Amino acid sequence: MVKIAILGYGTVGSGVFEVIRQNKDVITGKINEAIEVKYVLDLKTFEDDPVTEVLTNSFDDIVNDPEVEIVCETMGGVKPAYEFTRRALEKGKSVCTSNKELVEMHGPELLKLAKANNCSYLFEASVGGGIPIIRPLRTSLAQEEILSITGILNGTTNYILTKMETEGLAFADVLKRAQEKGYAEKNPDADVLGFDACRKIAILTSLAYGKNVSYADILTEGITAITDTDFAYMKKLGATIKLFAKSLKKGDKYYAIVAPFVVTDENPLFGVNGVYNAILLNCNMGGETMYYGKGAGKLATASAVVADVLDCARHIGKNLDTRWDEEKLEISPVDSFVRRFFVRVSGNDRAAAADAFGEITFIDGVAEGECGFITGEMSEADYREKAAKAGNVIAMIRMDS
């Protein structure tokens, strides 16, 4: 029997407890050994909950118990999760986590510590919730050169954009509905400003290329400026708008961005709607593969944590190595990146728009008092120069190439 501890009995932690209890026989059949939760760490009390039998409010009970071989860190945040994770790894206890913030900030250090102590630090649930993506990068695609990663990595923003498109609602109205349904936090900034997706693409890019990517180096734009008028133009185009988290290798340079993109039905991510997430990988040998599912939620995320627990249980006393060096991966500015742009300008002077932006394709019959069009290919730097020259840009959304 493998004994584990869970740190935090919130949404994910209680889900881990439930998955292990409910799928006890399935888990035992898969690894020929039972998984038992010996401790759950939380400062609260939970009446009429079976967790009360294993509840503790002291991390020392867990870290000093030699029977506990695996720790599930589902607390979130950096403090005290970082300290507890370090102490567990130093004791040779593997740690499985859903904590994207901690993984993004301290991933290389904690992986190195796990290796030194013959245990593992696994974090499948930190990106994409229940979608298996980190394990494929570590194992199934280890032989591949990753050319690009494009992800819809935040269910809240994808839900908001989907409802704006299908129901013609304004951003503020859909956000309020998302908060009422529990899809968005009371303070939604991490989601709607793109920071959550940015941490996730930083993790995926670090794993794809083996060097450390800081989310602070990634150009990040959220969805707060997207309007129902933008979606009216998309209807004319037969396109949609998605918040993409993208990274790619081009020659010897690496690029990354989080921003809204205009997406056509030629892209497999076009039909990913609602709270669902998806990640599209392009590899130099195997081509494109796509990973789709619930990007958040209690049981989906908990299931990914438990998958890591099983991996660790099969390899007690061994390190499941993940290449993610502390050396920094240089992310090049997007200024030189060439793409087309969807642009809206005030006024109806087409000649002035063409003079400012060059060859463009107009989208007619959408909104009065403005022009909407698609530019030809140009660099980001060129676009900014032309937009400044025009002086009347209402909105810009990048076209996905």
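The structure displayed is predicted, hence computed values, not measured ones.

The rules behind the values
Residues numbered from 1 in each chain as written. Predicted model: local features only at pLDDT ≥ 70, side-chain atom pairs only at ≥ 80, totals over all residues. Heavy atoms only, no water. Axes fitted to C-alpha atoms, helices over the stretch in contact; angles between N-to-C directions. Helix = DSSP H or I, 4+ residues; strand = E, 2+ residues; numbered from the N terminus. Left-handed = near helix turned anticlockwise from the far one by under 90°. Contact = heavy atoms within 4.5 Å. Nonpolar A, V, L, I, M, F, W, Y, C, P; charged D, E, K, R; others polar. Pairing = 2+ DSSP bridges. Buried < 20%, exposed > 50% of the residue type's maximum accessible area, 1.4 Å probe, protein only. Arc of directions from axis to C-beta. Phe/Tyr/Trp six-rings, centres within 6.5 Å; stacked < 30°, edge-to-face > 60°. Lys NZ or Arg CZ within 6 Å of the ring centre and 35° of its normal. Core = buried A, V, L, I, M, F, W, Y, C linked by side-chain atoms within 4.5 Å.

Caption draft 1: Quick look at the packing of helix H2 (residues 24–31) against helix H12 (residues 298–314). Put simply, H2 and H12 touch, their axes get as near as 11 Å, and they point 35° apart. Regarding H2 and H12, the two cross each other, and that crossing is right-handed. Contact residues: Ile27, Lys30 and Ile31 in H2; Val306, Leu310, Ala313 and Arg314 in H12. Grouping the constituent residues of the contact of H2 with H12 by class yields five nonpolar, no polar and two charged.

Caption draft 2: How the structure looks around the sheet that holds strand E2 (residues 35–41). Pairing within the open sheet is parallel, and its six strands lie in the order E3-E2-E1-E4-E5-E6. The outermost strands of the open sheet, each flanked by one partner alone, are strand E3 (55–56) and strand E6 (121–122). Strand direction decides the pairing type here: strand E4 (residues 68–73) and strand E5 (residues 94–97), joined by four bridges, are parallel. What sits directly across from Ile70, in E5, is Ser94.

Caption draft 3: Here's a closer look at helix H14 (residues 380–390). Where H14 is concerned, the buried positions are Glu380, Tyr383 and Ala387. Down the axis of H14, the smallest arc covering the buried residues is 55°, so these residues share one side. Residues of H14 that are exposed and point more than 90 degrees away from the buried face comprise Glu385, Ala388 and Lys389. As for H14, its buried residues are in contact with strand E13 (338–339), strand E14 (341–346), helix H13 (350–357), strand E17 (378–379) and strand E18 (393–399). Immediately beyond the C-terminal end of H14, within one or two residues, lies Gly391, with a positive phi of roughly 75°.

Caption draft 4: The packing of aromatic side chains, seen in detail. One pass over the full model with this rule turns up 14 aromatic pairs. Ring plane angle 70° and centroid distance 4.8 Å describe the contact between Tyr9 and Phe46, whose orientation is recorded as edge-to-face. Taken as a pair, Tyr9 in the loop between strand E1 (2–7) and helix H1 (11–22) and Phe46 in the loop between E2 and E3 lie far apart in primary sequence, 37 residues in all. In this pair, the class of Tyr9 matches that of Phe46, namely buried. For the pair Phe59 and Phe84, a centre-to-centre distance of 4.2 Å together with 10° between the ring planes defines the contact as stacked. Of this pair, Phe59 sits in helix H3 (residues 59–63) while Phe84 sits in helix H4 (residues 81–90); the two residues are 25 residues apart in sequence, bridging distant segments of the chain. One exposure class covers both Phe59 and Phe84, and it is buried. Connected via pairs of aromatic rings, a cluster forms that spans Phe341, Phe357, Phe362, Phe373 and Tyr383. Positioned over the ring face of Tyr215 is Arg199, at 4.0 Å from the centre of the ring. Cation over ring: Lys246 sits above Phe261, and NZ or CZ is 5.4 Å from the ring centre.

Caption draft 5: Quick peek at the environment of Ile279. Topologically, Ile279 is positioned in strand E11 (residues 276–283). Classification of Ile279 as buried rests on a relative accessible area of 0%. C-alpha of Ile279 to C-alpha of Leu153: the two residues are 126 residues apart in sequence and 7.4 Å apart in space. Setting aside chain neighbours within four positions, we find Ile279 in contact with Ile131, Ile133, Ile149, Thr150, Gly151, Leu153, Leu204, Thr289, Met290 and Tyr291.

Caption draft 6: Fine view of the pairing of E18. As defined by bridge partners, strand E10 (residues 253–264) adjoins E18 across two bridges and the pair is classed as parallel. Paired with Phe261 across the two strands is Arg398, which belongs to E18. Bridge analysis of E14 against E18 gives five bridges, and the strand direction is antiparallel. Within E18, the position partnered with Val345 by the bridge is Val393.

Caption draft 7: Structural detail: the pairing of strand E9 (residues 239–250). The buried count for E9 comes to 10 of 12 residues, which makes it a mostly enclosed element. Of the pairings in the sheet, the one linking strand E7 (residues 146–152) to E9 comprises four bridges and is antiparallel in character. Note on E9: the bridge partner recorded for Gly151 is Ala245. Where E9 meets E10, 12 bridges bridge the pair, whose relative direction is antiparallel. Residue pairing for E10: Ala239 is matched across the bridge by Thr264. The hairpin formed by E9 and E10 contains two residues between the paired strands, and Gly251 there has a positive phi angle of roughly 65°.

Caption draft 8: Representation of the nonpolar core. Ranked by internal contacts, the top residues of the largest apolar core, which has 79 residues, are Ile62, Tyr121, Phe123, Ile160, Leu204 and Phe342. Broken down by element, this core gets its largest block of residues, nine residues, from helix H10 (residues 195–209). With residues up to four places along the chain from it excluded, the contact list for Leu204 reads Val127, Ile133, Ile134, Leu137, Ile149, Leu153 and Ile279. With 31 residues, the next largest nonpolar core counts Val40, Ile70, Cys96 and Ala302 among its residues.

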